[in-house]
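Observations on chain architecture
In case you want the letters, here they are:
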Amino acid sequence: FETVYLALFISAVLYNYVYTLNAITDITADKINKPDRPLPSGKLPYNIAMLYLVFLIVVAIVGIILLFKGKSMIMAFLVLIIGGIYSLPPFELKNIPILASFITGWGLVHPIFITGDLDIVWLIAVILTLYATGTALLKDLSDLHGDRQEGRALTANFISMKNLMLVSMGMTLAAALLCLMLDH
């Protein structure tokens, strides 16, 4: 059950911090792209969201120190670090199109790196990262209007929709082929 508890902590606290921070930093674009979300609509006051974010940071740091050791601790702290530099100036990695998609894809499988058996986990995580990155490339297509108004660099600004679809399908196909070649 230890792995289940760690996975719950990773989802409920670490990634909740990342998503909350991103929601706070995306309020302006989300007023255009997703106006019914709690923050842009005003249903959730900004100061309450910030208080919740601080709570998540404190619980995350204490939880990581108490629950993880060695490489797993470093990988858990990476969630906080990468989540911060993804959304916050001066880095705002979410504004670097291909990198943003890779980080999103990596984030989806990162818990496997933290909690898994490292013999086979790395190969499976690479396969899943390929798949998730291919999917993440398409994720922001619904946000184009607001993101462009915010001045964000978007993958769709550099790659045609047709080529974006081909890259996404290619990554998904590569992940599927690697799965077929697994020896375990």
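Notes on the structure follow.

The rules behind each value
Residues numbered from 1 in each chain as written. Predicted model: local features only at pLDDT ≥ 70, side-chain atom pairs only at ≥ 80, totals over all residues. Heavy atoms only, no water. Phe/Tyr/Trp six-rings, centres within 6.5 Å; stacked < 30°, edge-to-face > 60°. Helix = DSSP H or I, 4+ residues; strand = E, 2+ residues; numbered from the N terminus. Buried < 20%, exposed > 50% of the residue type's maximum accessible area, 1.4 Å probe, protein only. Core = buried A, V, L, I, M, F, W, Y, C linked by side-chain atoms within 4.5 Å. Axes fitted to C-alpha atoms, helices over the stretch in contact; angles between N-to-C directions. Left-handed = near helix turned anticlockwise from the far one by under 90°. Contact = heavy atoms within 4.5 Å. Nonpolar A, V, L, I, M, F, W, Y, C, P; charged D, E, K, R; others polar. Salt bridge = Lys/Arg side-chain N within 4 Å of Asp/Glu carboxyl O. Parallel < 35°, antiparallel > 145°, perpendicular 65-115°, else oblique. Expected span 1.5 Å × (residues − 1). Bend = angle between axes of the 7 residues up to and from the residue.

Within the structure shown, the criterion is met by three aromatic pairs. Ring geometry for Y15 against Y19: centres 6.4 Å apart, planes inclined by 40°, an arrangement best described as tilted. Within this pair, Y15 and its partner Y19 are both found in helix α1 (residues 2-25), separated by four residues, close to a single helical turn. Where Y52 meets F55, the ring centres are 6.4 Å apart and the plane angle is 20°; that geometry is what we call stacked. Taken together, the residues Y52 and F55, both in helix α4 (residues 46-67) and three residues apart, mark about one turn of the helix. Given the relative accessible area of 35%, Y52 is considered partly exposed.

It is worth spelling out the nonpolar core at this point. Counting 32 residues, the largest nonpolar core has L14, Y17, I64, F68 and I114 as the members making the most contacts within it. The biggest single contributor to this core is α1, with 10 residues.

Viewed as axis vectors pointing N to C, α1 and α4 meet at an angle of 145°, and their least axial separation amounts to 9 Å. Regarding α1 and α4, the two cross each other, and that crossing is left-handed. The residues of α4 that touch α1, namely those facing L6, F9, A12, V13, L14, N16, Y17, T20, L21 and I24, are Y46, A49, M50, Y52, L53, L56, I57, V59, A60, G63, I64 and L67. Broken down by class, the residue content of the contact of α1 with α4 amounts to 19 nonpolar, three polar and no charged.

What follows covers the pattern of salt bridges. This structure, assessed with the given rule, holds three salt bridges. As a salt-bridge pair, R37 and D30 come within 3.5 Å of each other at their nearest N and O atoms. Looking at D30, the relative accessible area reads 5%, which means it is buried. Between K34 and D143 there is a salt bridge, with the nearest N and O atoms lying 2.9 Å from each other. Of this pair, K34 sits in the loop between α2 (27-33) and α3 (38-41) while D143 sits in the loop between α7 (118-139) and α8 (144-149), and the two are 109 residues apart along the sequence.

All right, on to unusual backbone geometry then. Here the residue pair P89 and P90 is connected by a cis peptide bond, since its omega of 10° sits within 30 degrees of zero. Position of P90 relative to the elements: it lies in the loop between α5 (70-87) and α6 (97-115). Of note in the backbone geometry, E92 takes a positive phi value of approximately 40° without being a glycine.

Let us now look at the packing of α1 against α5. Running from amino to carboxyl end, α1 crosses α5 at an angle of 5°, the nearest separation of the two axes being 9 Å. Considering the angle they form, α1 stands roughly parallel to α5. Counted together, L14, Y15, Y17, V18, L21, N22 and T25 of α1 and A76, V79, L80, G83, G84, Y86 and S87 of α5 form the full contact between these two elements.

A few words now on α1. Compared with the 34 Å implied by 1.5 Å per residue over 24 residues, the 34 Å span of α1 between its first and last C-alpha is a close match. The largest bend along α1 reaches roughly 35° and is located at N16. The set of residues buried in α1 consists of L6, F9, I10, V13, L14, Y15, Y17, V18, T20, L21, N22 and I24.

Mapped onto the elements of the fold, S142 is located in the loop between α7 and α8. Residue S142 is classed as exposed on the basis of its relative accessible area, which comes to 55%. In this structure the C-alpha to C-alpha distance between S142 and T155, which are 13 residues apart in sequence, comes to 12 Å. Those residues in contact with S142, other than ones at most four positions away along the chain, are N33 and K34.

Within the fold, T133 resides in helix α7. If we ignore the near neighbours within four places in the chain, the residues touching T133 are S101, F102, G105 and M171.

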